[in-house]
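Summary of structural features
One-letter residues, chain by chain:
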Amino acid sequence: MLTECGGDHRVVQLLFTFLLTTPAPPMLYYGDENGMEGGGDPDCRRSMVWEPERWKGDIRATVHRLLALRRAHPVLRRGTFEVAYAEDRVFSFYRVLGNERVLVVLNNTRVPRELALPVSFPEGTRLTEALSHRAFTVENGCVRLVPLEPRQAWVLLAAFAQRNTPLESGRLGSDATSTPGR
């Protein structure tokens, strides 16, 4: 994946956010979670890199956080998918399961974006970005995303949908990522 993304770690992290927040079980090709590179055949079948010092730590950490988030929130595994916004390489969608709603926003541009994104959350709803814990409030039917950095993604959880996850309790690690999600 890193090779296909021109070596840009931000693009890889954006793609992993999309992959791990959309419907259907995700499929990761061995080594992608560590930022392994490859090329055309026969370079596409490199041996697995097992030495942690050769892994791309930022990519690996993002994958682990997203897998923990997916496991902690059934809506990211079984919820319906609804497009919320798609314009000028900014894409957002909802995942909905019962009362739980998650809004995922992806900026696939090379510039920061400032958006007042229309949302279907009730006025005053507090949204928390799942990976950075940055808080937003729905005002006038919108959530103000200032700034959404280039190649950045936000996974916004409504206050009523949040739970104590391995991310929030500081338990992220092998114990938080070893059980397959359903």
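Every value quoted in this text rests on a predicted model; they were computed, and no experiment measured them.

1. Observations concerning the sheet that holds strand E5 (residues 126-129)
Here 6 strands make up an open sheet; going across it, the order is E1-E2-E3-E8-E5-E6 and the pairing antiparallel. Two strands bound the open sheet, and with one partner strand each, they are strand E1 (80-87) and strand E6 (135-137). When the angles between neighbouring strand axes are averaged without regard to direction, this sheet yields 25°. Here E5 runs beside strand E8 (residues 153-158); their pairing, made up of 3 bridges, is antiparallel. What sits directly across from Leu127, in E8, is Ala158. Seen against the sheet, helix H1 (residues 9-21) touches strand E2 (90-97), strand E3 (100-107) and E8 and runs at an angle of roughly 155° to E3.

2. Thoughts on the layout of surface pockets
Estimates place the volume of the largest pocket at around 300 Å³. Around the largest pocket, the lining comprises 15 residues; the ones closest to its centre are Gln13, Thr62, Leu131, Gln152 and Ala153. Top element by residues in the lining of the largest pocket is H1. It accounts for 4 residues. Residues of the lining of the largest pocket, tallied by class, amount to 5 nonpolar, 5 polar and 5 charged.

3. Looking at the side chain of Ser92
Within the fold, Ser92 resides in strand E2. The exposure class of Ser92 is buried, given its relative accessible area of 0%. Non-local contacts of Ser92, meaning those with residues more than four positions away in its chain, are made with Val83, Ala84, Tyr85, Leu103, Val104, Val105 and Leu117.

4. A short note on the packing of H1 against helix H2 (residues 57-72)
The N-to-C vectors of H1 and H2 enclose an angle of 15°; their axes lie 10 Å apart at closest approach. Judged on the interaxial angle alone, H2 and H1 are roughly parallel. Here H1 and H2 pass one another in a crossing that is right-handed. Contact residues: His9, Val12, Gln13, Phe16, Thr17, Leu19, Leu20 and Thr21 in H1; Asp58, Ile59, Thr62, Val63, Leu66, Leu67 and Arg70 in H2. Considered class by class, the residues forming the contact of H1 with H2 number 8 nonpolar, 5 polar and 2 charged.

5. Brief notes about the packing of aromatic side chains
For the coordinates displayed, the defined rule picks out 7 aromatic pairs. Here Arg101 stacks its cationic end above the ring of Tyr94, 4.5 Å away from the centre of that ring. Positioned over the ring face of Phe121 is Arg101, at 5.7 Å from the centre of the ring.

6. Describing the nonpolar core
Residues Leu103, Val105, Phe121, Leu127, Val143, Leu145 and Leu156 are the most contacted members of the largest nonpolar core, which totals 19 residues. Setting aside residues no more than four positions away along its own chain, Val143 makes contact with Leu103, Leu115, Ala116, Leu117, Val119, Leu127, Phe136 and Thr137. If you look at the next biggest cluster of nonpolar residues, it comprises 12 residues, including Leu14, Leu76, Val104 and Leu157.

7. Describing unusual backbone geometry
The amide bond that connects Asp41 to the next residue, Pro42, takes the cis arrangement and shows omega of 10°. Counting through the fold element by element, Pro42 comes out in the loop between H1 and H2. The phi dihedral of Asp88 falls on the positive side, at around 50°, and the residue is not glycine. Counting through the fold element by element, Asp88 comes out in the loop between E1 and E2. Judged by relative accessible area, which is 53%, Asp88 ranks as exposed. The residue Arg89 is not glycine, and still its phi comes out positive at about 65°. Topologically, Arg89 is positioned in the loop between E1 and E2.

Rules of the game
- Sequence order as written defines residue numbering, which begins from 1 separately in each chain.
- Note on the predicted model: pLDDT of at least 70 is required for a residue's local features to be given, and 80 or more for side-chain atom pairs to be given and counted; whole-chain, interface and lining totals, by contrast, use all residues.
- Heavy atoms throughout the structure, all of them, feed into the side-chain values; hydrogens and water do not.
- Only when DSSP finds a minimum of two bridges between them are two strands counted as paired.
- Helix and strand labels come from DSSP, where a helix needs a run of H or I of at least four residues and a strand needs a run of E of at least two; each type is numbered from the N terminus.
- To define axes, lines are fitted to C-alpha atoms, for helices over the stretch in contact only, and angles between the resulting N-to-C directions are given on a 0 to 180 degree scale.
- The criterion used for residue contact is that any of the two residues' heavy atoms lie within 4.5 Å.
- Cavity and pocket criteria rest on a 1 Å grid covering protein atoms alone: a 1.4 Å probe that fits but cannot get out defines a cavity, protein on both sides within 12 Å along at least 5 of 7 lines defines an open pocket, and an atom within 4 Å of a point defines a lining residue.
- Grid points are joined across faces, edges and corners, and a volume is the space filled by probe spheres set on the points.
- Here the term charged refers only to Asp, Glu, Lys and Arg, the term nonpolar to Ala, Val, Leu, Ile, Met, Phe, Trp, Tyr, Cys and Pro, and the term polar to all other amino acids, Gly among them.
- Per-residue accessibility, obtained with a 1.4 Å probe over protein chains only, is compared with the maximum for each type, and a residue is labelled buried under 20%, exposed over 50%, and partly exposed between these values.
- Any angle that falls under 35 degrees is termed roughly parallel, while one over 145 is termed roughly antiparallel, one within 65 to 115 roughly perpendicular, and all others oblique.
- Note on convention: the crossing is left-handed when the near helix lies turned anticlockwise from the far helix by less than a right angle, right-handed when the turn is clockwise.
- Each Phe, Tyr or Trp ring, with Trp reduced to its six-membered ring, pairs with another whose centre is within 6.5 Å; inter-plane angles below 30 degrees give stacked pairs, above 60 give edge-to-face pairs, and intermediate values give tilted ones.
- In our convention, an over-ring charge means Lys NZ or Arg CZ found within 6 Å of a ring centre and within 35 degrees of that ring's normal.
- Nine residue types can take part in a nonpolar core, namely buried Ala, Val, Leu, Ile, Met, Phe, Trp, Tyr and Cys, and a core is a set of them joined through side-chain atoms within 4.5 Å.

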